[in-house]
Structure formats: C-alpha cells, structure tokens
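Observations on the three-dimensional arrangement
Each chain is listed here by its residues.
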Amino acid sequence: MQKRLRRTMMFVPGNNPSMMRDAHIYGADSIMFDLEDSVSLAEKDAARLLVYNALKTIDYGGVEKVVRVNPLSTEFGRADVEAMVRAGADVIRMPKTETAEEITELEEEIERVEKLAGIPVGRTLIMAAIESALGVVNAYKIATASKRMMGIALGAEDYCANLKTTRSKEGSELLLARQTIVVAARAAGIDAVDTVFSNLNDMDTFKEEVRFIKQLGFDGKSVINPRQINPVNEIFTPTTAEIDKAKRIIAALKEAEAGFSLEPGRNEITPDEMALTTVGDTPEEANGFGLLDTGTGSMEKVHVTNGKLDEAINQVNHDGTTNMLAFVIIGPNRYEVKGDTLTDC
C-alpha cells in the first residue's frame, strides 16, 4: 500500500550480510537495501544475490522493504530489478532520476517481471531519488509519472556535486531542492523523504536538521545508522496537542455530517466571513464566525472576538439549573461555551 508511515528509511549496504540480518530490529519504518553507491563494481553481482536471499528468507515483519537498484542504463540495472521484484521487494528505488521517461521505463520492466513471475501486476511500488538540478526541475513530472510512485527523495551529495558546491552545516544550498521536492510530492499525493545526514558525531545538528525538514513538510528522513532512528521517529511523531487538535477536527466533521438543520441566512457562514475567521492554540485566539450548538438540533451563526461571544447565551434549563451544555464550532475547532466565553472541551 502506498500510504503508510515513512518517518525513517535506513540504508543497508547490499554487501553486508550482518546488517541485512538485523536491520528490522532497530525501529525504522523502512529498510533500503543498497545495490548502487555502497557496492563496488566487483561486488555488484554478489550483492544482488545476498539481498535476494535476505528478502526471500528473513522475516522483516511489517517493515517496508525498499531496494535501491543500479540505473537501467548500466549493465546491472535490469538484473537488479528482475531479482528484487521476484524476491518480493515492496519498493524499487530508482537512483539519479532526472526525467519522467526513466520512471516509465522502470515501470515497464517491473510489470514485465511481475507477469513472468506470476506476481499481481502493480504490487511493486516505485520511489525516485532526485540527485541533480535537472531532476529538481522535473520533480513534479517524475512524481506523477506512474501510479506506482509512493515517494520522491533528495540525494544531497550528488545534487551538490551537480551544482558545483558542497554541503554546509546550515544546508542553504539544499533549500530550493527540498522545497521543490516537497511541493511536487504534495501535488502528486505521494511522500517526500529527505536526504541523509552523515556526521554521526554531531547529533545536535542532526536533530536541528530533522526539525527543520519536518517544518518544510517532509514525511521522513533517510538515515545511515541505527542511532539516528529514534530521534527522527520522535520528532516526526505527533505531539499530544497535535493529536488533540486532529480529534477536534474529526469530531467537528462528524457533527457537520450528522445533518443539523440550517436556516438560510441565520447560520450560513459566507466565504467573506470565513476569510475573517482565525483560530489558534487557545480559545482566546479564536476570532470570527462560528456555529453555536445548544443541543436543539439546529445551529446558529455567532460572532466571536478573542474567545468571547458578542452576546452571552442563556444556559438555564427548564428546571432552573444552569448546566446546559453548549458548543461553538469555529474553523476546525470545537469549544464549550460558558456564558459568553469559549473554553476547551
């Protein structure tokens, strides 16, 4: 399945049997077996056989199994693809992708092998690594070149070499590529995975970079060592506040779908009113127009300023008690109302 958690994708050299045996125990969401840059020319065939046997014999549980093959333009590429599709790899990662045509060619090769091997056509997904200026320029075309595409990733080392520059601590030379890849992935509806951070002795800078790329919109990061997995997973795991906000949005959507009666004009929020509506992390930051629900089966439009209704509502029950619950839905948030004041539910 294309949509799944991909916070961490750990590189595993295809010529390292011990790492292949234990790769799934460290908590990475995906394992990427590498047949390309980490394997010398003399070891290409042996590494292909090692990864094939690992995929066929080791139970990696629910960890996604990705294989970075050699480009199809090399003498090793097609043999890599055939072996890895037959072995049951979940994803074939194409390195140094620059055009959509390369993805089309890869898809045709994968489909050919699936048909020959009796594997359901479409089972094997594709990921593209973008590692050059041309690849960045064509990012959206690459991202939409096949329905098998599950993600695009930045390969920073080759990208910097292509730009005739070097990687810096602050990463300014990567900003355009990172933003372009995230935008292309979002437009295509697939994942974006950031490049590796190779200095294992500088975990503080590593964590800063992870927080930065999460803010840019990436779904996860490639890692090269098990020590990097937990920090990335923790940073990409939603906070309690983010989970609570998501629950409020879901609750508001369910209430909206439940079918409240809406009286035209009285509780219809116009596009202009929506444009004036803002919410924040606290009730006091809510401003604009919302819908008041007092449990009567209908909703009434109200105006809120800094978390307060323009007019207090009457919360007195028929028996004289004052515990009648009322709520205001404003933007994605749902607040309880006490008199004229919004509070957290």
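Per-residue confidence for the chain gives a mean pLDDT of 89; residues scoring 70 or more make up 90%. A low-confidence stretch, residues 259-265 stays under pLDDT 50, and its non-local contacts, those more than four residues away or across chains, total 12 contacts.

Overall, the coordinates contain 28 salt bridges when judged by the stated rule. Arg-68 serves as the salt-bridge partner of Glu-36, at 3.4 Å between the closest nitrogen and oxygen. Of the two residues, Glu-36 is situated in the loop between strand S2 (30-34) and helix H2 (44-57) and Arg-68 in strand S3 (residues 64-68); the sequence distance between them amounts to 32 residues. For the pair Glu-36 and Arg-68, a shared accessibility class is recorded, and that class is buried.

Attention now goes to the packing of H2 against helix H3 (residues 77-87). Look at H2 against H3: their axes get within 9 Å of each other, and the N-to-C directions meet at 15 degrees. Considered as vectors, H2 and H3 are oriented roughly parallel to each other. Crossing angle aside, the handedness with which H2 passes H3 is right-handed. Side by side, H2 and H3 meet where Arg-48, Val-51, Tyr-52, Leu-55 and Lys-56 of the first sit next to Ala-79, Asp-80, Ala-83, Met-84, Arg-86 and Ala-87 of the second. Counted by class, the contact of H2 with H3 contains 7 nonpolar, no polar and 4 charged residues.

A few words on unusual backbone geometry. Within the chain, Lys-96 stands out as a residue other than glycine whose phi angle is a positive 50 degrees. Although it is not a glycine, Lys-164 sits at a positive phi angle of roughly 65 degrees. Looking at the secondary structure, you find Lys-164 in the loop between helix H7 (156-163) and helix H8 (175-188). The exposure class assigned to Lys-164 is exposed, which follows from its relative accessible area of 79%.

What follows covers the sheet that holds strand S4 (residues 91-94). One closed barrel holds the 8 strands; their spatial order is S1-S2-S3-S4-S5-S6-S7-S8, and the pairing between them is parallel. Across the sheet, the mean angle separating the axes of adjacent strands is 25 degrees when strand polarity is ignored.

Turning to the nonpolar core, a few remarks are in order. One broad trend across soluble globular proteins is that nonpolar side chains are buried collectively. With 63 residues, the main nonpolar core has Phe-33, Leu-55, Val-67, Met-84 and Ile-152 as its most contacted residues. In this structure, Ala-286, Val-304, Leu-309 and Val-337 belong to the second largest nonpolar core, which totals 12 residues.

Another aspect to go through is the packing of helix H9 (residues 203-216) against helix H10 (residues 229-236). Where H9 contacts H10, the two axes come as close as 10 Å, and the packing angle between them is 35 degrees. At the point where H9 passes H10, the crossing takes the right-handed sense. Residues Met-203, Phe-206, Lys-207, Val-210, Arg-211, Ile-213 and Lys-214 of H9 form the contact with H10, whose own contacting residues are Pro-231, Val-232, Ile-235 and Phe-236.

Conventions we followed
Residues numbered from 1 in each chain as written. Predicted model: local features only at pLDDT ≥ 70, side-chain atom pairs only at ≥ 80, totals over all residues. Heavy atoms only, no water. pLDDT = per-residue confidence, 0-100. Contact = heavy atoms within 4.5 Å. Salt bridge = Lys/Arg side-chain N within 4 Å of Asp/Glu carboxyl O. Helix = DSSP H or I, 4+ residues; strand = E, 2+ residues; numbered from the N terminus. Buried < 20%, exposed > 50% of the residue type's maximum accessible area, 1.4 Å probe, protein only. Axes fitted to C-alpha atoms, helices over the stretch in contact; angles between N-to-C directions. Parallel < 35°, antiparallel > 145°, perpendicular 65-115°, else oblique. Left-handed = near helix turned anticlockwise from the far one by under 90°. Nonpolar A, V, L, I, M, F, W, Y, C, P; charged D, E, K, R; others polar. Pairing = 2+ DSSP bridges. Core = buried A, V, L, I, M, F, W, Y, C linked by side-chain atoms within 4.5 Å.

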